[in-house]
Structure formats: structure tokens, C-alpha cells
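Next come the chains, spelled out residue by residue.
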Amino acid sequence: MKNKVASAILISMLILSACSISNSKEAEQNSVAASSEESLESVSPTDQTQEDEFDAQMPVHSGIWQAADYGRTNYYYEFSKGYTGRRLGANAGNVEAFSYEVNDGDNLVIHYADRDEYAHYSFGDDGKHLVLTYQDYQQSLQWMSHGTLEDMGGLGLTFTAEDITPFGCTLRYSQSGGYVTGEITADNSFNLIVHSEDDDEWGYTDYFGTEGQTFTIEKDSSGEIQIDWTSKLGMLIPGDYVLSFQIRDIRNVGGDWDSFDYRVWFSVPQNDGERIDGMENKSDQLLKTFWRDIGMNNKSFDSHRIAEGYAKRPWLHKGVIDRFRKDCDLPDDYMFSNGLDVGCGAGLSTKALKLICRHVTGTDIAESMVEVCNELYGSDEAYSFYTAGAEDTFIPDEKYDVVSAAGMVNWVDEKRFMENLIKVTKDECFIIIYDFWITDKMKNVPEYTSWYQDEYLKRFPKPPRKENIWTDADLISGLKMYKQINYELTHSFCLDEFIDFVMIQSNVNARIESGDMAELQVRTWMKDTLLPIFKDKEQELIFDGYTWYIKR
């Protein structure tokens, strides 16, 4: 059963949860129900029971209880004094407040905001085990600690995630009071539990940080840790997340400890861009929402700084179009009538397409790109430009007989894009989809490879993007894959030219636009680290590229 968390809770509260796993000798087992198969097999209670007296009766003893459904942990219950409490889904979501009452002796009614749940209950003799038997399933609950959902281990710890960006956050902590039996240590290894708004589900990421490394949290202290998840996860799209990590309360050197899985809720905020609707693949929607919110339609590509930088990029597009003539056996003097360049950027790809067209139209989703194109080419009647998404190109008076799309298919709704191509093109039409990108290769300069892999990508990780390769089976009816090729391109840069070029790469620009790094700070770092590589002379950078020729 799904239990939605109110958005106000996720945004305004940082909720910490922890499951306690004792490393001490196996705890004494007590009878909780007729069947032992539903008992918690992998968890034994902590030593936080000094002066407590557990009664095998209602109300339930206050603190945290771990619940299992047929042996599988699925919830943590926080019972308060009296007949109230909260429930937390074990996979990080689903926090609900409840009250409960006893009817007819051993029948329990749990009241949630949107429903009531009915169960038969029974205690173990020690009062630390509780079985709830519902109509269709059974839960075994075991008392874990004196904690709350904010500090489930009861260690007097508070964590907050602050200064949140798509790249990382500051984790601040403090310790005061609590049931601490020894030294508190925390792992410097983390993972994220990710929330999908589309289906209200959660899932785990890979671990990041330094595995095997720990730090100590002193009693009555506070501190902070800088968290950077980009090395393993890249940039986060806007949404709700949980930072998860282990904390241990070590009772003696080489002896026993209690281990707690602490979790901190936080949100990466949305920008003001509109969400893109109508996409069939959920991961595509998340990526495209991200890039429209903080990327292509708002900041990263819709700024004059980036547009002017794009206009100064190497004109490698000409080599792609020259190769198209040869690969598709076109005469050297063959000219198409009317060409369309989708995702034209600052016009370099449009300029290349014009080499084989009498007239060419460029479209781009970013208005600033179109403005720069009009500034550069607007006086030439052979060019025209307008602002539009790749899926929304207008049907022209004369339909297009050739289309180019450079470096943009990773950001489009593929089905809608292809459907629009059918509408705006002639029955006999070539579609040239291509891209090329910076690599870690520079001719005869191995130092550049080390810089790119060990310094550049760690500081500026690649943003999330689709990188699927289209096949003929991916094309809609009316389109046919004619040929697909891969190649290398080269271009020589001096140091300043190369820095200008790298400054408009999407991963660099994302950190600048997010406010995480200043433009001058980035330029200074690049100049300092690249000067020994360029050595006051031009260096030849190698680009990887591909082209797909599609025929209509």
C-alpha cells in the first residue's frame, strides 16, 4: 500500500531514521506468536533497556519498533506515550501520523489521516515483541530503541542537509544527551534514496564517498561534512532525496556496538521552467524536466553569454556536411532546395547546411540563440530563423528536402520529433543527425588525458543525458535508417581559445549557472592547471563524432 508524504513534510522537515542492528551476542528470543517464521531473524535489540519495564499490554511501550511483513522489514513505528505515533517506510518514504485504540480485548484499530486499519494483536511475554495480524498479512514488531523518527537510535544526534545544490550539500550534525554507551563513529560512505513524483516510489543509488573511512562524533559537539555525490551519480535532477549513512555506538575497543542507518531527507529545488508533458518514458521525463528547468529552456543555453560563446566554437560542422556528400554519393555541385536545421544553436550548423542548400531555416528552443543567429546571418535572405522546440517546427510553404540536427537528439521527445519531421518534409528527404564532443585525447600530449580524467571530470561531472543510439527499429513509419558512421575530428587550440571553448560546455556551465562556482574562479583554475599542458603553443584536440543518415 502506498502512503504519500505531504510535500510540506518533505520540504520543511529533515527526518532522520535509523534501524539498530546489534553486533553483540545473539539476543534472547521470546515467543511472540504461534508461528516463529514471521519473527525478526536478522535484528536483535540494543542495550538501551537499562531501567525500562516492558509490559505486555497496551499502550505500546514508547520508542522505536521495527516491523516485518513475513520476515521482511518494511516499516519503523514510533510509539509515543499514550495512544499516538508515526510510521516510516523502511525504504525511506511514507511517513504517517496515527492514533490507535483497542476494541474487544485484543483487536486494534489504527487511525491514519485517510483510512483506518484493523488488526488482531498479541505481545510476547517480555513486552518487547508485538505481532499485528491483519486480514491478509502479518507484521512482527520488535522494540529497538528509545529514539524517535528524528533520532531513531536515541543517540542524541541531529543532522541537517544545508547548502543543497545538484552537486552536493553540507551535512551539519550535533550531539547532546541521548542513550550513548560508547564512542560514536560514522562512515564516510553514503548513498541516496531517490523519490519519483510520478509514481510515488523510492529507489537506492550506488554508494559514494570513501569506503572504509570513518569519522568520530564527540559527545556534546557539533560539526559539518561536505558531501559531493557527482563522482558516482553526476548532477541530481530536482526532486526529493534521502542521504543514507551508517553510525555506530561502540561500547568497547574490539567489542560490541550498535549500528544505525541514519537518513536525512532533503530536496533539490525546481526552477521556474515548465515541465514537459506527454513523454512515455519516466526517466526521459525526469531528464528532460531537469534540462528544461535548469538547462536548455531557462539558463544553461538560454543566455547571451552562452549563445555568443557557441558562435565562436570550432566550425567542425563543415566537415560533417562535406562527408555527407561523399557518404551518400551526391554530386559535388548538388544543391538542395530548402533545408531545415533543428537545434541550430548560434548558427554554425545552419551555416554548414547552407553549403548544400539554396535556402535554410534554423530553429532553436532558446530565444537568445536565435537572436545571435539573426545578428550574424539576418541580412542574408538565404537564411531565416525562429524560436521553436524540435517537436514543434512549423509546416513551411515549401516543405524541406534536407534536415540537419546537430547535438540535440539527446534532449528531444523522440517520437514527437520524428512525427513532426514527417509533417514538415517532402516525400524524398535526407535527415542528417550528428554530434561530436570533446574527449580526453590530445595529439602527443598524455598530460592532457590525466588532466581531463583526474581533474576536469571530477570538478565538472557530465550532466545526466540520454545517449541511446537510434536503430532502424526505433524509427517511426515513413523513416528509414540509410547509414550510420563514427569518426574522429581534430581542431587546434591555443590555451585561451581552449578555455573559451570549455567554458561553454554544458557541465561547466551548469556549475556556473547554479551559483556553485563563479565564472572567474573557473577560468582561473583552468588557466593554472592547463598552462603546463599547452606550454605556450597550440595543441590539437581530438573529438569523437557520429552521423546517422535517415531517408524519408
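Every value quoted in this text rests on a predicted model; they were computed, and no experiment measured them.

1. Re the overall build of the protein chain
Part 1 of the argument: Regarding its fold elements, the protein chain presents 12 helices and 24 strands.
Part 2 of the argument: Buried residues in the protein chain amount to 55% of all 552 residues.
Part 3 of the argument: A sequence separation of at least 24 residues applies to 68% of the contacts in the protein chain between residues at least 6 apart.
Part 4 of the argument: Of the accessible surface of the protein chain, which amounts to about 25000 Å², a share of 46% is contributed by carbon and sulfur atoms.

2. A word on the packing of aromatic side chains
Part 1 of the argument: Evaluation of the coordinates by the stated rule reveals 49 aromatic pairs.
Part 2 of the argument: Consider the rings of F493 and F543, whose centres lie 6.5 Å apart with planes at 40 degrees: the pair is tilted. With F493 in strand β23 (residues 480–493) and F543 in strand β24 (residues 539–551), the pair connects residues that are 50 residues apart, well separated along the chain. Grouping residues by exposure puts F493 and F543 together as buried.
Part 3 of the argument: In this arrangement the basic side chain of K351 is found over the ring face of W315, its NZ or CZ atom lying 4.2 Å from the centre.
Part 4 of the argument: If you follow K551 out to its NZ or CZ, it ends over the ring of Y482, 5.3 Å from the centre.

3. With respect to the nonpolar core
Part 1 of the argument: Among the nonpolar cores identified, the biggest contains 54 residues, and Y448, F498 and M526 are the most heavily contacted of them.
Part 2 of the argument: Ranked by size, the runner-up nonpolar core spans 29 residues in total, among them F215, Y241, F260 and F266.

4. Section: the pairing of strand β7 (residues 116–123)
Part 1 of the argument: Only one face of β7 is buried: it carries E117, A119, Y121 and F123, and the other face, with D116, Y118, H120 and S122, is open.
Part 2 of the argument: For strand β6 (residues 107–111) and β7, the ladder comprises five bridges, and the chain directions are antiparallel. Its bridge partner being in β7, L108 is matched across the sheet by A119.
Part 3 of the argument: Following β6, the chain reverses through four residues before pairing antiparallel with β7.

5. Looking at the environment of W202
Part 1 of the argument: In this structure, W202 sits in strand β13 (residues 201–204).
Part 2 of the argument: Counting along the chain gives 39 residues from W202 to Y241, while the straight-line C-alpha distance between them is 8.7 Å.

6. What to know about helix α11 (residues 506–513)
Part 1 of the argument: Counting buried residues in α11 gives seven out of eight residues, a clear majority hidden from the surface.
Part 2 of the argument: All of the buried residues in α11 are S506, N507, V508, N509, A510, R511 and I512.
Part 3 of the argument: At the C-terminal side of α11, G515 shows a positive phi close to 85 degrees.

7. Considering the packing of helix α10 (residues 495–502) against helix α12 (residues 519–534)
Part 1 of the argument: The contact between α10 and α12 brings their axes to 10 Å, and the two run at 135 degrees. Taken together, the axes of α10 and α12 are oblique relative to one another. Classified by chirality, the crossing of α12 by α10 is right-handed. Along its contact with α10, which presents L495, D496, F498, I499, D500 and V502, the element α12 presents R523, M526, K527, L530, L531 and F534.

8. Digging into the sheet that holds strand β19 (residues 357–364)
Part 1 of the argument: One open sheet holds the seven strands; their spatial order is β20-β19-β18-β21-β22-β24-β23, and the pairing between them is mixed. Because the sheet does not close on itself, it has two edges, and the strands there are β20 (383–387) and β23. Strand-to-strand twist in this sheet, taken as the mean axis angle between neighbours without regard to direction, amounts to 20 degrees.
Part 2 of the argument: Packed on one face of the sheet, helix α8 (residues 414–424) meets β18 (336–342), β21 (400–406) and β22 (425–442) and runs near 135 degrees to β22.
Part 3 of the argument: Each of β22 and β24 is contacted by helix α9 (residues 446–459), which is oriented at about 105 degrees to β22, the strand it contacts most.

9. Some words on helix α5 (residues 317–327)
Part 1 of the argument: Within the span of α5, buried status applies to H317, V320, I321, F324, R325 and D327.
Part 2 of the argument: In this fold, the buried residues of α5 make contact with β18, α6 (348–353), β21, β22, β23 and β24.
Part 3 of the argument: Immediately downstream of α5, the backbone of D329 shows phi near 55 degrees, a positive value.

10. Here we look at the side chain of N338
Part 1 of the argument: Assignment of secondary structure puts N338 in strand β18.
Part 2 of the argument: Taking the relative accessible area as the measure of exposure, N338 reaches 8% and is therefore buried.
Part 3 of the argument: At 3.4 Å, the side chain of N338 and the side chain of H359 are in polar contact.
Part 4 of the argument: Among residues more than four places away in sequence, those in contact with N338 are H359, E398, K399, Y400, D401 and V402.

11. Examining the packing of α9 against α12
Part 1 of the argument: Direction vectors running N to C along α9 and α12 enclose 165 degrees, while the axes themselves pass 10 Å from each other. Compared by their axis directions, α9 and α12 come out roughly antiparallel. At the point where α9 passes α12, the crossing takes the right-handed sense. In contact with E447, Y448, W451, E455, Y456 and R459 of α9, α12 contributes W525, M526, T529, L530 and I533.
Part 2 of the argument: Looking at the contact of α9 with α12 residue by residue, the classes come out as seven nonpolar, one polar and three charged.

12. A word on unusual backbone geometry
In most cases, non-glycine residues show a negative phi, while peptide bonds are predominantly trans.
Part 1 of the argument: The omega torsion across M58 and P59 is -5 degrees, close enough to zero to call that bond cis.
Part 2 of the argument: With respect to the secondary-structure elements, P59 resides in the loop between β1 (20–22) and β2 (63–69).
Part 3 of the argument: Even without being glycine, D104 reaches a positive phi, approximately 55 degrees.
Part 4 of the argument: Residue D104 is classed as exposed on the basis of its relative accessible area of 69%.
Part 5 of the argument: At K535, a position not held by glycine, the phi torsion is positive, near 55 degrees.
Part 6 of the argument: Following the sequence through the fold, K535 ends up in the loop between α12 and β24.

13. What to know about the confidence of the model for the protein chain
Part 1 of the argument: Here the protein chain shows a mean pLDDT of 80. Residues at 70 or above account for 78%.
Part 2 of the argument: Note that pLDDT drops below 50 for residues 1–47; the model gives that stretch 121 contacts with residues more than four away or on any other chain.
Part 3 of the argument: Note on residues 272–302: pLDDT is under 50 here. Beyond four places in sequence and across chains, it has 85 contacts.

14. Structural notes on the pairing of β22
Part 1 of the argument: Among the 18 residues in β22, 13 count as buried, and that is most of the element.
Part 2 of the argument: As judged from the six bridges shared by β21 and β22, these two strands associate in the parallel manner. Counted as the bridge partner of V403 is I431 from β22.
Part 3 of the argument: Tracing the backbone out of β21, into α8 and back to the parallel element β22 gives a crossover that is right-handed.
Part 4 of the argument: Relative to β24, β22 runs antiparallel, the two being bridged by 10 bridges.

Definitions and cut-offs
- Each chain carries its own residue numbering, running from 1 in the written order of its sequence.
- Note on the predicted model: pLDDT of at least 70 is required for a residue's local features to be given, and 80 or more for side-chain atom pairs to be given and counted; whole-chain, interface and lining totals, by contrast, use all residues.
- The basis for every side-chain value is the complete set of non-hydrogen atoms in the structure, without hydrogens or water.
- Numbering goes from the N terminus for both helices and strands, where a helix is a DSSP run of H or I of at least four residues and a strand is a run of E of at least two.
- Whether a residue is buried, partly exposed or exposed follows from its accessible area with a 1.4 Å probe, protein chains only, as a fraction of its type maximum: under 20%, in between, or over 50%, in that order.
- When checking whether two residues touch, look at their non-hydrogen atoms; a contact exists if any pair is within 4.5 Å.
- Accessibility throughout is a Shrake-Rupley quantity obtained with a 1.4 Å probe, and a residue counts as covered only by protein chains that appear here.
- Paired rings are identified among Phe, Tyr and Trp, the last through its six-membered ring, by centres lying within 6.5 Å, and are further divided according to the angle between planes into stacked (under 30 degrees), edge-to-face (over 60) and tilted (the rest).
- Whether a charge lies above a ring is judged from NZ of Lys or CZ of Arg, which has to be within 6 Å of the ring centre and within 35 degrees of the ring normal.
- Working definition of a nonpolar core: buried Ala, Val, Leu, Ile, Met, Phe, Trp, Tyr and Cys residues. They are joined through side-chain atoms within 4.5 Å.
- Two strands make a pair as long as DSSP finds a minimum of two bridges between them.
- All axes are obtained by fitting lines to C-alpha atoms, using only the stretch in contact for helices, and the reported angles, taken between N-to-C directions, cover 0 to 180 degrees.
- When an angle is under 35 degrees it counts as roughly parallel; over 145 it counts as roughly antiparallel; between 65 and 115 it counts as roughly perpendicular; any other value is oblique.
- By definition, any crossing whose near helix is turned counterclockwise from its far helix by less than a right angle is left-handed, and any crossing with a clockwise turn is right-handed.
- For the purposes of these results, a polar contact is taken to be a pair of N or O atoms within 3.5 Å, where, inside protein, one atom must be able to donate a hydrogen and its partner to accept one; residues adjacent in sequence count only when each atom of the pair is a side-chain atom.
- Asp, Glu, Lys and Arg are counted as charged, while Ala, Val, Leu, Ile, Met, Phe, Trp, Tyr, Cys and Pro are counted as nonpolar; the rest, among them Gly, fall into the polar class.
- Confidence scores per residue from the predictor, reported as pLDDT, run from 0 to 100.
- Seen with its strands pointing away from the viewer, a crossover is right-handed if its path from the first strand over the helix to the second goes clockwise.

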